[in-house]
Structures are given as C-alpha cells and as structure tokens.
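Structural features, examined
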Amino acid sequence: DGKKMGKSLGGAIWLNEDLLSPYDYWQFWRNTADDDVIRFLRLFTELPDARVAELAELKGQAINEAKEVLADEATRMLHGEEVLAPIKETAKQLFGAKGAAAADADNLPSVEVAPGDLAAGIPVVDLFVDLGFAKS
C-alpha cells in the first residue's frame, strides 16, 4: 500500500516479547496485504511448497485463511505453539460478532494507572505514550 514501515511510524516489528507482544506480532502478519501473503509464506515460514501452492489458490475473502496461516506460522516460529490459542481467542472475540466487549484483555496491550493519577485525571495522550502507541 506504499506506506513506510518502521519505528518512526510505530511499525517496528520487534522480535523481543518485551518490545512487541506476541498478539501484536501475530496481528502484524495477519494484516499483511493480499498481494504479499504468498510471497511472505515462502520467505518467512517453513511450510511445504505444496501447502503454499494450495493457499495461493485462495481468492477474495478466502485469502484471509492464508493470512491466518502466515500469522500462525511466523508467531509459532518466534514465540512457540503455546501463545497461539490465547491470541486466536482474543482475535476471535475482538473481531467476531460480539466485538471488543467480549475480548479477554489479558492478551491486549495495557497500562496500569495509579488510583491517584486516575482520580486527578490523566490525559489520554499520556496513556498512548505509556502503551507505546505514540512517542510523545
């Protein structure tokens, strides 16, 4: 889509879980542009060529299956199998019929705010910085 990808736009893809949660890592791959999915499956996974060829046949909305396979495989290689079930459940809850109201917040980025700061009022921009959504 022609957009720059890098840390200056909040798009850094860190391999360290302390800098980028496994959920955000999975989402990065899940949000791959349709035109890049098959190429990325070949470059960034260890899937057999036959499986990639099957996924290459998917068109339209069905390409989302290939995106999930890419996200699953890339995340499994970096963070292990055990992180996939909670990630997929959170994504299902967030983007399913019930939406964010049903999501398990344990798998989403969060920040703790001291009760005193909350009572005094804290600007939302400060929360964005604390969450890493903005630099300043």
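Above this text you will find the structure in question.
These remarks concern the structure in this document. Everything quoted here is computed from the prediction, not taken from an experiment.

**Some thoughts on the layout of surface pockets**
In this approach the atoms are scanned with a rolling probe the size of a water molecule, which exposes any empty space left behind. Quantified by volume, the second largest pocket comes out at close to 190 Å³. With 4 residues, the single largest contributor to the lining of the second largest pocket is helix H5 (residues 84-95).

**Quick look at the packing of helix H2 (residues 37-44) against helix H3 (residues 49-56)**
Where H2 contacts H3, the axes come no closer than 10 Å and their chain directions differ by 170°. Here H3 runs roughly antiparallel to H2, going by the angle between their axes. The interaxial crossing formed by H2 with H3 has right-handed handedness. Note on element contacts: H3 touches H2 through Val52, Leu55 and Ala56, opposite Ile38, Leu41 and Arg42. Among the residues making up the contact of H2 with H3, the classes are represented as 5 nonpolar, no polar and 1 charged.

**Focus: the nonpolar core**
Ranked by internal contacts, the top residues of the largest apolar core, which has 24 residues, are Trp26, Trp29, Ile38, Leu41, Leu47, Leu55 and Ala66. Those elements that place two or more of their residues in this core are helix H1 (22-30), H2, H3, helix H4 (63-79) and H5. The biggest single contributor to this core is H4, with 6 residues. When sequence neighbours within four positions are dropped, the list of residues in contact with Leu55 reads Ile38, Leu41, Leu47, Glu65, Ala66 and Val69.

**Topic: the packing of aromatic side chains**
Taken as a whole and assessed by the stated rule, the structure comprises 5 aromatic pairs. Ring plane angle 80° and centroid distance 5.0 Å describe the contact between Phe28 and Trp29, whose orientation is recorded as edge-to-face. Taking relative accessible area as the criterion, Trp29 reaches 7% and is therefore assigned buried. Geometrically, the ring pair formed by Trp29 and Phe40 is edge-to-face, given 6.1 Å between the ring centres and 85° between the ring planes. Here Trp29, found in helix H1, pairs with Phe40, found in helix H2; they are 11 residues apart in sequence, far enough to count as distant. Phe40 shares its class with Trp29; the two are buried.

**Observations concerning the side chain of Gln27**
Within the secondary structure layout, Gln27 lies in helix H1. According to the relative accessible area criterion, Gln27 is buried, its value standing at 12%. Leaving out residues up to four positions away in the same chain, Gln27 has contacts with Ala91 and Phe95.

**Topic: the pattern of salt bridges**
Tallied over the full model, the rule gives 8 salt bridges. The salt bridge partner of Glu54 is Arg51, with a shortest N-O separation of 3.2 Å. Taken together, the residues span about one helical turn, with Glu54 and Arg51 both in helix H3 at a distance of 3 residues. Here Arg51 falls in the partly exposed class, since its relative accessible area comes to 28%. The partner of Glu65 in a salt bridge is Arg51, and the shortest N-O contact between them spans 3.7 Å. Taken together, the positions of Glu65 in helix H4 and Arg51 in helix H3 put the pair 14 residues apart, joining distant regions of the chain. Through salt bridges that share partners, Arg51, Glu54 and Glu65 make up one connected network.

What counts as what
Residues numbered from 1 in each chain as written. Predicted model: local features only at pLDDT ≥ 70, side-chain atom pairs only at ≥ 80, totals over all residues. Heavy atoms only, no water. 1 Å grid on protein atoms, 1.4 Å probe; cavity = no way out; pocket = protein on both sides within 12 Å on 5 of 7 lines; lining within 4 Å. Points joined across faces, edges and corners; volume = space filled by probe spheres on them. Helix = DSSP H or I, 4+ residues; strand = E, 2+ residues; numbered from the N terminus. Axes fitted to C-alpha atoms, helices over the stretch in contact; angles between N-to-C directions. Parallel < 35°, antiparallel > 145°, perpendicular 65-115°, else oblique. Left-handed = near helix turned anticlockwise from the far one by under 90°. Contact = heavy atoms within 4.5 Å. Nonpolar A, V, L, I, M, F, W, Y, C, P; charged D, E, K, R; others polar. Core = buried A, V, L, I, M, F, W, Y, C linked by side-chain atoms within 4.5 Å. Buried < 20%, exposed > 50% of the residue type's maximum accessible area, 1.4 Å probe, protein only. Phe/Tyr/Trp six-rings, centres within 6.5 Å; stacked < 30°, edge-to-face > 60°. Salt bridge = Lys/Arg side-chain N within 4 Å of Asp/Glu carboxyl O.

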